[in-house]
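# Fold and contact review
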Amino acid sequence: WYLIGILLVGGLIGFLIYQSRRKNEEEEEEIIEIKRPAHEIAINKLGRLKAAKLWQQGKIKDFHSELTYILREYLENRYEVQALESTTYEIKQALGKLDIPEDYRMQIQQLLQTADMVKFAKAEPPVEMHADALSKTESFIDSTKRSTEEFEAMLQTVTPKGLHLPPHHAQVGEGIGCVPTSV
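Quick caveat, the model's predicted, so the values are computed rather than measured.

### Focus on the overall build of the protein
Secondary structure summary: the protein contains 7 helices and 2 strands in total. Mapped from its N terminus to its C terminus, the protein presents α and β elements in the order α-β-α-α-α-α-α-α-β. The burial tally for the protein puts 34% of its 183 residues in the buried class. In the protein, of all internal contacts separated by at least 6 residues, the share reaching a separation of at least 24 is 74%. Counting only carbon and sulfur atoms, one obtains 56% of the accessible surface of the protein, whose full area is about 12,000 Å².

Dropping the structure here:
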């Protein structure tokens, strides 16, 4: 009888552990990840790049590598263009299909080409070009960030019934997304 009692208690404990884990897995599936807005990530990284003062320290290649990485990441997160793994030419082709003003497309192309020259041909652009590239990148990001309406539309796709999830149901991470421009 003792053996049967021990087996029953062991089976009950095993069943309860199984149910507890299964319930936790179901709860994890219900978490919707809300990404940080692409422009917020990019502006934050540009601020850190400015603070690092790489080009002022003669680290021109590092500066342009980081600047173009931030720009490529923004393009990928904001427009879903595979920019991080694409060549400058491929990005130029992809930008032609997007609703981006021509002057910004030209600035992006010029910035990427200059960075390619710095990184691969060891070119040294004029000093004023570094600050100009940073400024143009900031301007592009600020001008193309998602609006409040786009944010609301995105929420509708994240939560099909239009529910606005309370903070404890969402995880905040970096990547695709947006917030109202008033934030």
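### Focus: empty space enclosed by the protein
Following the criterion strictly, the structure yields 2 cavities of 30 Å³ or more and no others. Estimated volume of the largest cavity: approximately 50 Å³. Taken together, Leu71, Tyr104, Gln107, Ile108, Leu111, Lys136, Thr137 and Phe140 make up the full set of residues lining the largest cavity. Elements with a contribution of two residues or more to the lining of the largest cavity: α5 (102–120) and α6 (127–144). Looking at the lining of the largest cavity element by element, the count peaks at 4 residues for α5. Here the residues of the lining of the largest cavity are counted per class, giving 5 nonpolar, 2 polar and 1 charged.

### Description of unusual backbone geometry
Positive phi values are uncommon outside glycine, yet Lys53 reaches one of about 50 degrees. If you check the backbone angles, Lys122 has positive phi at about 55 degrees while not being a glycine. By the secondary structure assignment, Lys122 is in the loop between α5 and α6. What makes Lys122 exposed here is its relative accessible area of 72%.

### Quick word on the side chain of Arg72
Structurally, the position occupied by Arg72 is in helix α3 (residues 60–79). Setting aside chain neighbours within four positions, we find Arg72 in contact with Ala83, Leu84, Ser86, Thr87, Thr88, Ile91 and Leu112.

### A few points about the packing of α3 against α6
Running from amino to carboxyl end, α3 crosses α6 at an angle of 10 degrees, the nearest separation of the two axes being 11 Å. Judged by the inter-axis angle, α3 sits roughly parallel to α6. Here α3 contributes Ile60, Phe63, His64, Leu67, Leu71, Tyr74, Leu75, Arg78 and Tyr79 to the contact with α6, which in turn contributes His130, Ala133, Leu134, Thr137, Phe140, Ile141 and Thr144.

### Section: the side chain of Glu76
Structurally, Glu76 can be placed in helix α3. Buried charge Glu76 goes without a salt bridge, the closest partner of opposite sign being Arg72 at 7.8 Å. In this view, Glu76 contacts Val81, Gln82, Ala83 and Leu84; residues no more than four positions away in its chain are not counted.

### A look at the nonpolar core
Leu49, Leu67, Leu75, Tyr79 and Phe140 are the most contacted members of the largest nonpolar core, which has 28 residues in total. Only α2 (38–52), α3, α4 (88–95), α5 and α6 provide two or more residues apiece to this core. Examining the composition of this core, we find that 7 residues originate from one element, α3, more than from any other.

### Focus: the packing of aromatic side chains
Per the stated rule, a full pass over the model turns up 4 aromatic pairs. Considering the side-chain rings of Tyr74 and Phe140, the 5.7 Å spacing of their centres and the 85 degrees angle between planes classify their relative orientation as edge-to-face. One end of the pair, Tyr74, is in helix α3; the other, Phe140, is in helix α6, with 66 residues separating them in the sequence. Cluster of aromatic residues (ring-pair linked, three or more members): Tyr74, Tyr79, Tyr104 and Phe140. Over the aromatic face of Tyr79 sits the side chain of Arg78, whose NZ or CZ is 4.7 Å from the ring centroid.

Analysis parameters
Residues numbered from 1 in each chain as written. Predicted model: local features only at pLDDT ≥ 70, side-chain atom pairs only at ≥ 80, totals over all residues. Heavy atoms only, no water. Helix = DSSP H or I, 4+ residues; strand = E, 2+ residues; numbered from the N terminus. Buried < 20%, exposed > 50% of the residue type's maximum accessible area, 1.4 Å probe, protein only. Contact = heavy atoms within 4.5 Å. Areas by Shrake-Rupley, 256 points an atom, 1.4 Å probe, with all protein chains shown as cover. 1 Å grid on protein atoms, 1.4 Å probe; cavity = no way out; pocket = protein on both sides within 12 Å on 5 of 7 lines; lining within 4 Å. Points joined across faces, edges and corners; volume = space filled by probe spheres on them. Nonpolar A, V, L, I, M, F, W, Y, C, P; charged D, E, K, R; others polar. Axes fitted to C-alpha atoms, helices over the stretch in contact; angles between N-to-C directions. Parallel < 35°, antiparallel > 145°, perpendicular 65-115°, else oblique. Lys, Arg positive; Asp, Glu negative; His and termini not counted. Salt bridge = Lys/Arg side-chain N within 4 Å of Asp/Glu carboxyl O. Core = buried A, V, L, I, M, F, W, Y, C linked by side-chain atoms within 4.5 Å. Phe/Tyr/Trp six-rings, centres within 6.5 Å; stacked < 30°, edge-to-face > 60°. Lys NZ or Arg CZ within 6 Å of the ring centre and 35° of its normal.

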